[in-house]
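Structural overview
Here is how the chains run, residue by residue.
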Amino acid sequence: MTYRAAPDRYEGKMQYRRCGRSGLDLPVLSLGYWHNFGDEKPFEAQRAIARRAFDLGIVHHDLANNYGPPYGSAELSFGRLMREDFGPYRDEMIVSTKAGWDMWPGPYGQGGGSRKYVLASLDQSLKRMNLDYVDIFYSHRFDPDTPLEETMGALATAVQQGKALYVGVSSYSPEKTKEAAELLKQWKAPCLIHQPSYNMFNRWIEQGLLDELERQGMGCITFTALAQGLLSDKYLNGIPDDARINRPGGGSLKQEHLSQANVERARALNEIARRRGQSLAQLALTWTLRDPRVSSALIGASRPEQIVDNVAALAHAPLSAEELAEIDKYAVEGGVNLWEKPSTDFA
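The rules behind the values
- Residues numbered from 1 in each chain as written.
- Predicted model: local features only at pLDDT ≥ 70, side-chain atom pairs only at ≥ 80, totals over all residues.
- Heavy atoms only, no water.
- Helix = DSSP H or I, 4+ residues; strand = E, 2+ residues; numbered from the N terminus.
- Rg over C-alpha atoms; globule rule 2.2 N^0.38 Å.
- Buried < 20%, exposed > 50% of the residue type's maximum accessible area, 1.4 Å probe, protein only.
- Contact = heavy atoms within 4.5 Å.
- Areas by Shrake-Rupley, 256 points an atom, 1.4 Å probe, with all protein chains shown as cover.
- Phe/Tyr/Trp six-rings, centres within 6.5 Å; stacked < 30°, edge-to-face > 60°.
- Lys NZ or Arg CZ within 6 Å of the ring centre and 35° of its normal.
- Salt bridge = Lys/Arg side-chain N within 4 Å of Asp/Glu carboxyl O.
- Axes fitted to C-alpha atoms, helices over the stretch in contact; angles between N-to-C directions.
- Left-handed = near helix turned anticlockwise from the far one by under 90°.
- Pairing = 2+ DSSP bridges.
- 1 Å grid on protein atoms, 1.4 Å probe; cavity = no way out; pocket = protein on both sides within 12 Å on 5 of 7 lines; lining within 4 Å.
- Points joined across faces, edges and corners; volume = space filled by probe spheres on them.
- Nonpolar A, V, L, I, M, F, W, Y, C, P; charged D, E, K, R; others polar.
- Core = buried A, V, L, I, M, F, W, Y, C linked by side-chain atoms within 4.5 Å.
- Polar contact = N/O pair within 3.5 Å; in protein donor to acceptor, adjacent residues only side chain to side chain.

1. Some remarks on the overall build of the chain
Looking only at helices and strands, the chain features 11 helices and 10 strands. For the chain, whose C-alpha radius of gyration is 19 Å, the value lies close to the compact-globule estimate of 20 Å for 347 residues. If you line up the chain on its principal axes, its C-alpha atoms span 50 × 50 × 40 Å. Burial statistics for the chain: of 347 residues in total, 58% are counted as buried. Considering only intrachain contacts with a sequence separation of at least 6, the fraction spanning at least 24 residues in the chain is 76%. Carbon and sulfur atoms form 50% of the exposed surface of the chain, whose accessible area is close to 14,400 Å².

2. Regarding the packing of aromatic side chains
For any pair of aromatic rings, the description rests on two quantities: the centre-to-centre distance and the angle between the ring planes. Scanning the entire structure with this criterion turns up 10 aromatic pairs. The ring of Y133 is capped by R90, whose NZ or CZ atom sits 4.3 Å from the centre of that ring. Taking NZ or CZ as reference, R265 lies 5.7 Å from the ring centre of F201, over its face.

3. Quick word on the pattern of salt bridges
Once the charged atoms of two side chains with opposite charge are near each other, the side chains can pair. With the rule as written, the count across this model stands at 24 salt bridges. As a salt-bridge pair, E92 and R9 come within 3.0 Å of each other at their nearest N and O atoms. Of this pair, E92 sits in the loop between α2 (73-86) and β5 (94-99) while R9 sits in the segment before β1 (16-18), placing them 83 residues apart in sequence. Given a relative accessible area of 27%, E92 falls into the partly exposed group. Close ionic contact of E214 with R293 constitutes a salt bridge, the shortest N to O distance being 3.4 Å. Here R293 lies in the loop between α8 (280-288) and β10 (296-299) and E214 lies in helix α6 (residues 209-216), a separation of 79 residues in the sequence. Note on E214: relative accessible area 47%, which makes it partly exposed.

4. Remarks on the packing of helix α1 (residues 43-55) against α2
Each pair of packed helices gets described by two things: the angle between the helix axes and the distance between those axes. α2 packs onto α1 with a crossing angle of 65° between their chain directions and a minimal axis gap of 11 Å. As for how α1 packs across α2, the hand of that crossing is right-handed. Contacts from F43, E44, Q46, R47, A50, R51 and F54 of α1 reach α2 at S77, R80, L81, E84, D85 and F86.

5. Observations concerning the sheet that holds strand β6 (residues 134-139)
Strand order in the closed barrel formed by eight strands is β3-β4-β5-β6-β7-β8-β9-β10, and the pairing between neighbours is parallel. Across the sheet, the mean angle separating the axes of adjacent strands is 30° when strand polarity is ignored. With four bridges connecting them, strand β7 (residues 164-170) and strand β8 (residues 191-195) associate as parallel partners. Paired with S170 across the strands is Q195, a residue of β8.

6. Observations regarding the layout of surface pockets
Here the second largest pocket is characterised by a volume of approximately 260 Å³. Here the residues of the lining of the second largest pocket are counted per class, giving nine nonpolar, three polar and two charged.

7. Remarks on the nonpolar core
If you look at the biggest cluster of nonpolar residues, it comprises 94 residues, and the most contacted ones within it are L29, Y33, F78 and I307. Among all residues touching I307, those that are not within four sequence positions of it are L31, I49, R52, A53, L56, I58, I299 and A301. Core analysis: the next-biggest nonpolar cluster, separate from the first, contains 12 residues, L26, I136, L192 and W339 among them.

8. With respect to the environment of N36
By secondary structure assignment, the location of N36 is in the loop between β3 (29-32) and α1. Classification of N36 by relative accessible area gives buried; the value is 5%. Of the polar contacts made by the side chain of N36, one reaches the backbone oxygen of A301; its length is 2.9 Å.

What follows is the structure in structure tokens.
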């Protein structure tokens, strides 16, 4: 059956924020394809998630060359969605992808920030996604073995060639973010946005990055707002059989992330959420978006109902000063930042 987007998709369900000092608005919730869009999940299940997101006004869909598993499969799935569903709505969408991690055999496919790898990866991504251009193209990680001028020069070339409208960085330190932004200004291709990990158990961006983004006029789109499910009701009473940790490609969620201390803090946060009439996942999103410098928060989903539940978080009242103070008792470092090395300038 031909897909027709919901006619009321812009009528109040979703909110939009300006991305830094650019002219671009982003939905405050964006759909990430990191998990659940690889070969392990039936395409019709993927389609149901993507359609529901778009029908709720989530017009930003975020990918990377290595999302799957296997690598590239999420972009292939999105390419099919573009051909069969989203093609008529391309101008309503913000599509992003990234290059930075290992991708193909040989010395030129091992990731990093070389001009050869970055631009070849973008060409491959465009073919997989059935697109002429992406709206945002990211350097997925800082590469200490490649001059930053080379990496940022490759991003600028992508803009100059018309293959990307905007560029950004992911998991860069505040210092390298500043350096990258200053370099891109020289090529008249401003750094639009930074994509860091951020949640109640991983608050590193509060130690200088958000301030640097504000100085540079850059937006911020966070990922892992739910700490890969730890900040939801999934693990409050043990590890269910269908948990990510038990699925192919789920190795990013480590057993140590589910420590007793983290689970106990999640239970305490769940009680705060319950008093507000929210789920723990909704509270985590409300908290992540409390700072207006956060343009958007990426969400993932294994079924459409989770998208609906996440969007419902936007209907709840902002957190009060008293609630924020109580949350701070439990929103402490939980050892869940898998991206600490690139974000501290070491790959």
